[in-house]
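The chain contents come next:
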Amino acid sequence: MSDAGATPLFVRRAALFLRSGPFLTVLVVAAVWIVAGLTMAGFGSYGHLRYMLELAAVIGLVAAGQTLVVIGGGIDLSVGAIVTVSAVGVPLLPWDADASGVAAVLAILAGATGIGLLNGLGVAFLRVHPMIMTLAMATFLQGVLIIVAGGSAVSMHNPLVAWLGEARPWGVPAGIVLWVVVSLLTLLILHATPFGARIFALGANPLATSLSGVDVRVTTMAIFAASGLTAGLAGVLMLGMNGQGYVGIGDPYVLASIAAVVLGGTSILGGSGTYAGSIPGSALLVTITALITVVNASPGWRSILFGSLILGLLLLSGRESRRR
Amino acid sequence: MSGSDPVLSPSPLYWPVQRQRNRGVRALFCVVAAFVAIYAYLFPGLLSIGGLSKFCQSWFPLALVSMAQAILMLTGGINLAIGATVSLGAVIAATTMSGPLGAPGAIAAVAFAGLGIGAICGLIVVRLRLPAIIVTLAGSFIIGGMALLVLPRPGGEIPAWFSDFLAGGTPVAALLLALIVLAWKLYLATPLGLSLYAAGENPVAAYRSGVPVDAARIAAYAISGLLSTGAGLYVAAQTGSGDPVIGQAFTLNSIAAAVLGGVGFLGGHGTMRGAIAGSLLLSVMVNVMFFLGFPPVAQYVAQGLIIIGAVALPQIGARGRRA
Amino acid sequence: SQADAAAKCIKGDRKPPFTLGWANIYSVPTWMKQTEGTIAAEVEDLKKQGLVSKLVITDAQGDANTQIQQIQSMIDANVDAIILIAGSSTAPARVIADACAKGIAIINFDSLVDTDQVTAKINTDSAQWGAGAAKWLIDSIGGKGKIIILNGPAGVSVSDDRRKGAEPVLKANPGVTILAETNTAYNVAPAQEAVSNLLFANPQIDGVLSLGGALSAGAVLAFDKQGRAQVPISGENARQFLELWKQKGLKGWATMQPNWLGAFAAYTAVQALSGKDVQAFVKVPLPVIDNSTIDSYLARADKFPADGYIYSPYDQALFDRLLAQK
Amino acid sequence: MSVPIIAARDVSKSFFGNRVLREVSIELRAGRIHALLGENGAGKSTLINLLSGALPPDEGSIEVDGAAVDHFTPSEARRAGVAVVQQELSLTSQLSIGENIGLGAYPIRFGLVDYKALARRTRAACAMVGLDEDLATSVGDLPLGRRQMVEIAKALYREPRALILDEPTSSLSAHETQTLTRLLERLRAQGVAILYISHRLNEVMALCDYVTILKDGAVTADRELAGVDADGLVRLMVGRDPGDLFPKWTPNVEGKTIISVRGFSCGMARDIDLDLRRGEVFGVGGLVGQGQEDLILGLYGARSASARVAEFNGDSGVPDSVLKANALGLAYVPADRKREGLHLIHTISFNMLLPGYGRARGLTFRDRTNERDLARSLAGALSIKGDLTRPVQALSGGNQQKVALAKWMPNKPAIWLLNDPTRGVDVETKREIYGLLRGFAAEGAAVLLSSSDTPELVHLCDRVAVMREGRIVARIEQAELSEEAIVAAAMGANLAERAA
Ligand SMILES: Nc1ncnc2c1ncn2[C@@H]1O[C@H](COP(=O)(O)OP(=O)(O)OP(=O)(O)O)[C@@H](O)[C@H]1O
Ligand SMILES: Nc1ncnc2c1ncn2[C@@H]1O[C@H](COP(=O)(O)OP(=O)(O)OP(=O)(O)O)[C@@H](O)[C@H]1O
Ligand SMILES: [Mg+2]
Ligand SMILES: [Mg+2]
């Protein structure tokens, strides 16, 4: 400890950074891309990378809220249903008056946030375990979807949503731009605000946190609301990218977001982690999926390969998530 | 719990301990009992041998996987590969049962697969100290892939006598469940089994007390695998065939049942009886909603509310008492 | 005797008005929602005729085990007929046999069960679907070239059957190279993702053999998004695909799994219960949508959900004709 | 002289390059109570972890009956007859007392745990420590003091030849401590080797025969206890002359009443009348688990409580939440710091800044420079040394306690509620904490101090209330304060009951 002062601060910081989980995950993603790019034709070209990042943006958006929830000691299994509700919901809002489409999108995002808030209410006030609360919420939303889906055929063309799905400002897909913005905000909130500190405290020891004068209920509701919001954003982006929302569009994102969070080194037990890891975690998942798609094998073998890759990469990058 | 009279009991410690453990799940027991009563009221046929048998048949696999999930949650883990493992058990049963080794061979193959897969998962989680949630998620793809290799599409065959024996008009499922519960009680009465709680709640302290922590946890994974493939075998018998994706829904349902039953995520908290009661609630709920004539929309909404309610009400009640 | 004349499972002891049970596997997808719409409409009709008193719908939430449990409940509640979309092609066989033994009419449509203990199965021919799509695609690329194949989920019979149907046609045309195959859920997003990845890996793709409607829409979007010229593609009557087809001027072909199979199944159940003989397998012809007919479908598009399927018109006469076919 | 039952020879141990033990030797001999002393973080617990096989030494060796053992594991230690009462409770809350005591060494019949034999043997162990609870009770339901007794019974159950106790009395009441003392004397007579770690020097002086003192991981003394006095021990531990343990303070002259409750009830605490004045340290004594914790948590708004009349810092009514209590100027320092006070995986500075994070409203930004300065000044004020970005769990127990205290200081609380704040804290730290508490009082804060350490009630408090079975059974003013008076009030009827 005494010699710690001798090494300059930035050197220690750099050493810490190089050994950190997020950086390792980035290295793993880069290595997979390079190896695949060298061995498979067409894999890892600029266009392909850009496309995979675009896909990763969706997982990344969902994972942003999921990261907050997991660090806060919870887990959100309703993100898939929220993605679906918002992707299916936007075209159903009959707001022709607003030509830009902003109003409909804002309304849906408010709704998604509200759903998250309800999750938070259940967890904070009814003291229902997050896994049960959000699972029940997902079930509940399925009921809502039966009413909504296949209903009226208002195929409103929403310019904002279409822009999100198609536009490439400065050559970068709008979805990626959105992801960058959300990432920066998430990282800021998590690491640069007292609110972020409260999340870390909550996940590590809720009892001590509440006895330390932190409003645990408000914090809980806020992180679930944030998760609802980012899932809602992902739903809007999905709608833009697919031109059409459909029931089931969000299903893959429950496990994908959790996997991205954990692969990124955030402890599933709560209290430690960073969104900086979930970002390459999302890219990693998309990369593996892409690899599996271009490999010619029977469905069984493909599934086995997919699982083995996750396991293998976890060995390389997931060390930080160890605890106890 | 008829034999729990402390005076007559040979052991002055065992039964009182058992009774203590009922405390946390009493509220759930009441909820479950109420649902079973409503079900019996709506469908009096439940009280016949045939009715009871059929109901137990549909509940039995869920009860097994809930136990499989609970045992891992007691060690502080979680298993997202349960669904895939059930599927694998089912396809192994359906492909080997009409083979040269017949039913005994098939049962042995299923048991071996379950124990082996569980033990490997356990080894990876415990020895490499990786998070269980993601290891078993990866495991679910690998195991699911294996199921697809064994049987690429639904098919295979279970001899009719075997199906009729396990899932005919007799309450064999109920009997099996009782046997498995008894086996579980026996296991919990072994040093390794009883170590589960200590290893789950505070592994470091348990290790210092001389508990074989790693062995207890790996054994739990193996048992979990065995129960899962066992559930698969039963599903195969019940359906008379194998299906490589039949188990998918069991993963989330088993977690829901265990958590409903009061099993905690951090290890060492909860009881198996709670998890079994949770699975019974999930299972009986489906039938109650049917007999109440709920349309699908209401089924989803009610299911969500019942699950939240079953967890929240005891909480609110407990808080009311404390005040 | 009279018993011989009646359809299978029917004992003739059930009198109208009948209680119908629809054991659905999953009510949330739009295709199911639309199908439920046709069944509900049909049941309203039948109620007016005094033939049906009640329709009970269960939703197994995608779980074949729950579906078995719900069918058991239908038996316990002694419904007169069970209309079934099976969650697994093998799993419900035993409980269905139980129902059949109790004289309950079983009408199985869309996803079928491998058992003959049912009153009737109603479906299009999946193998024919696959063969038809493959034949058209190969013709439209001139008998040779490089194609990709988009399948539904692995381990599911419908997707496997369609693929099997295509196999002999592909075998017969050695000039056709299969670059890659995918298995995804019958949904746009995963298909688009998979096809995009294949596009990067394969600079030349001459045709897409898609064995599901949403899959085709996803593929078209992927080609479009990556700036690749569209190629001939097979598909299904998903509204989004048909609209893209028109919009992009595709070389396309589609068939359909009509949603009115549901209404037809309800109708058939009542027919069978009323003592009519019903064939064990009622084959519903696969309508073909091509450039000559697509406009007639798109003209009705706004009557259907944006993420739904534009099914062909139907009426009772059609049902009677289908039931009468030998 | 006889061969030591277990011994460490020149053992060294490092954590992440931090050398915690430097060539330490120690011998446990039959029939001797051996004290192991040292400041918080001196390496005592680490040394016993080596002696019990929980950790391997980096250098040096562990000897059993004079022979070095290569891979010394917990099960090896058990076979050698070494049993340990850990400083950190190692019990499993869901298992019963009986199942906990037998853990790792169950009697077995036909491959199953023999509950009958287990009950017999655990009952014997419990009787030795005076544990009269039903054996089937879940340990999670027991108060801390009783859990400590279970922990001791667990060690006795193994019929050890060498018994190591790491701060066994830190959560025991005077009565329980007495029971333990008698027990240890009996064991000594039976020829058991005992290693006893405590920060309560009077206990050590009264009980032990031999002493080893660690300072910064090295042995500074290894000798018979006869001939050293308490000051001498402290000098060896701290390395300089000790001052007075308790600060000089002047009794408070009628400060303004800041908390006043009548008929206050919360959990076990019943019908309590209490007036807390600015500038005083108000002591709450009694056996462990007589409702003191409920009283404190109830006042703090963390448990639902009721009162006929309640006045908190000018606000009427009992605070219904911690937030409300904080807003009224209350701060709480728990006894169970790991569970209620600290975020073990987070850094020292994070823990100290947490109440500040809790107070911040809306989405403001953290000021890292400010945070660093604040954390440094707090650490300085409480002499918490070293890198503040280490996780709190790397700190020794005493330093952890200081962090749990330090975190409230930026709030400048008007009312401190402290539940046994010196548990497991070494003399030097105790001195610092005592100074702080009197300092708070001198600055006009009110301090409510619940303690199981009777001397600190006597020497630090203006007034003491003694609780028994949830009620205040005695109020003793400073003039009448003495250890005897407190113990007598605390035991009162209880002694009669136990005798009956
Ligand atoms: N040794 C035994 N002999 C006979 N019956 C038993 C025995 N052990 C348990 N049972 C019966 O089995 C049933 C289920 O046991 P229980 O509710 O204790 O579940 P469990 O799995 O042991 O739960 P836990 O995790 O709390 O130990 C009870 O009705 C009990 O009476
Ligand atoms: N597992 C560990 N990882 C890192 N550092 C540790 C670990 N265990 C102990 N230490 C460090 O080793 C030193 C000695 O700790 P130890 O617990 O042995 O002290 P102690 O003498 O028992 O103190 P106390 O009186 O507070 O119990 C402390 O500085 C502590 O921070
Ligand atoms: Mg038990
Ligand atoms: Mg110590």
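Scroll up to find the structure this text is about.
This one's a predicted model, so the numbers in the text were calculated from it and none came from an experiment. (Residues numbered from 1 in each chain as written. Chains lettered and ligands numbered in written order. Predicted model: local features only at pLDDT ≥ 70, side-chain atom pairs only at ≥ 80, totals over all residues. Heavy atoms only, no water.)

Caption draft 1: Layout of the overall build of chain D. Across its full length, chain D carries 17 helices and 22 strands. Its C-alpha atoms give chain D a radius of gyration of 23 Å, near enough to 23 Å, the size a compact globule of 500 residues would have. With the principal axes as the frame, chain D shows a C-alpha extent of 70 × 55 × 50 Å. The proportion of buried residues among the 500 residues of chain D is 59%. Counted over contacts in chain D with a minimum sequence separation of 6, partners at least 24 positions apart contribute 68%. If you sum the accessible surface of chain D, you get close to 19100 Å²; carbon and sulfur atoms cover 50% of it. (Helix = DSSP H or I, 4+ residues; strand = E, 2+ residues; numbered from the N terminus. Rg over C-alpha atoms; globule rule 2.2 N^0.38 Å. Buried < 20%, exposed > 50% of the residue type's maximum accessible area, 1.4 Å probe, protein only. Contact = heavy atoms within 4.5 Å. Areas by Shrake-Rupley, 256 points an atom, 1.4 Å probe, with all protein chains shown as cover.)

Caption draft 2: Seen up close, the overall build of chain A. Looking only at helices and strands, chain A features 14 helices and zero strands. From first element to last, N terminus to C terminus, chain A shows the α and β order α-α-α-α-α-α-α-α-α-α-α-α-α-α. Scaling as 2.2 N^0.38, a compact globule of 324 residues should have a C-alpha radius of gyration of about 20 Å, and chain A matches this with 20 Å. In terms of its C-alpha atoms, chain A occupies a principal-axis envelope of roughly 70 × 60 × 40 Å. By residue count, 60% of the 324 residues in chain A fall in the buried class. Surface exposure of chain A reaches about 11200 Å², of which carbon and sulfur atoms provide 73%. Seen as two clouds, the 13 positive and the 9 negative side-chain charges of chain A have centres 16 Å apart. (Lys, Arg positive; Asp, Glu negative; His and termini not counted. Charge placed at Lys NZ, Arg CZ, Asp CG, Glu CD.)

Caption draft 3: Up close: the sheet that holds strand β13 (residues 257-266) of chain D. All names here are of chain D. Taken in spatial order, the four strands line up as β14-β13-β16-β17 in an open sheet, and their pairing is antiparallel. The two strands at the open ends of the sheet, each matched to only one other strand, are β14 (269-277) and β17 (315-316). Taken strand by strand, helix α9 (residues 292-299) contacts β13, β14 and β16 (309-312), and its axis lies near 120° from that of β13. (Pairing = 2+ DSSP bridges. Axes fitted to C-alpha atoms, helices over the stretch in contact; angles between N-to-C directions.)

Caption draft 4: Quick look at the pattern of salt bridges. Throughout the structure, instances matching the rule amount to 43 salt bridges over all chains. Among the ionic pairs, Glu 428 of chain D bridges to Arg 431 of chain D, the shortest N-O distance being 2.7 Å. Of this pair, Glu 428 of chain D and Arg 431 of chain D both sit in helix α15 (residues 427-442), three residues apart, roughly one helical turn. The same class applies to Glu 428 of chain D as to Arg 431 of chain D, namely buried. What emerges from the salt-bridge pattern is a single network uniting Arg 153 of chain B together with Asp 160, Asp 161 and Lys 164 of chain C. (Salt bridge = Lys/Arg side-chain N within 4 Å of Asp/Glu carboxyl O.)

Caption draft 5: Local environment of the packing of helix α2 (residues 26-42) of chain B against helix α13 (residues 272-291) of chain B. All names here are of chain B. Relative to each other, α2 and α13 sit at 30°, their axes nearing to 9 Å. As judged from the angle between their axes, α2 and α13 are roughly parallel. Crossing hand, α2 versus α13: left-handed. Across from Leu 28, Phe 29, Val 31, Val 32, Phe 35, Val 36, Ile 38, Tyr 39 and Leu 42 in α2, the residues of α13 making contact are Arg 273, Gly 274, Ala 277, Gly 278, Leu 280, Leu 281, Val 284, Asn 287, Val 288 and Phe 291. Considering only residue class, the contact of α2 with α13 consists of 15 nonpolar, three polar and one charged. (Parallel < 35°, antiparallel > 145°, perpendicular 65-115°, else oblique. Left-handed = near helix turned anticlockwise from the far one by under 90°. Nonpolar A, V, L, I, M, F, W, Y, C, P; charged D, E, K, R; others polar.)

Caption draft 6: Focus on a nonpolar patch on the surface. Residues Val 181, Leu 185 and Leu 188 of chain A together with Phe 365 of chain D make up a contiguous nonpolar surface patch of roughly 390 Å² in combined accessible area. Structurally, Leu 185 of chain A can be placed in helix α8 (residues 174-192). Owing to a relative accessible area of 48%, Leu 185 of chain A belongs among the partly exposed residues under this scheme. (Patch = residues over 30% accessible without salt bridge, like charges linked within 9 Å, V, L, I, M, F, W, Y side chains within 5 Å.)

Caption draft 7: Quick look at the interface of chain C and chain A. The interface is formed by 35 residues belonging to chain C together with 38 residues belonging to chain A. Between chain C and chain A the total buried area reaches about 3000 Å² when both faces are included, carbon and sulfur atoms providing 54% of it. When the buried surface of chain C facing chain A is broken down by residue, Val 28, Phe 200 and Lys 225 of chain C rank first, second and third, together holding 21% of it. Between Glu 54 of chain A and Lys 225 of chain C there is a salt bridge, with the nearest N and O atoms lying 3.0 Å from each other. At the surface where chain C touches chain A, the tally comes to nine residue pairs in polar contact (both at pLDDT 80 or more). Only α2 (30-48), β7 (176-183), α7 (188-201), α8 (213-225) and α9 (239-248) of chain C provide two or more residues apiece to the side of chain C that touches chain A. With eleven residues, α7 of chain C is the single largest residue contributor to the side of chain C that touches chain A. Taken together, the residues of the side of chain C that touches chain A sort by class into 17 nonpolar, ten polar and eight charged. (Buried area = accessible area lost by both parts, 1.4 Å probe. Polar contact = N/O pair within 3.5 Å; in protein donor to acceptor, adjacent residues only side chain to side chain.)

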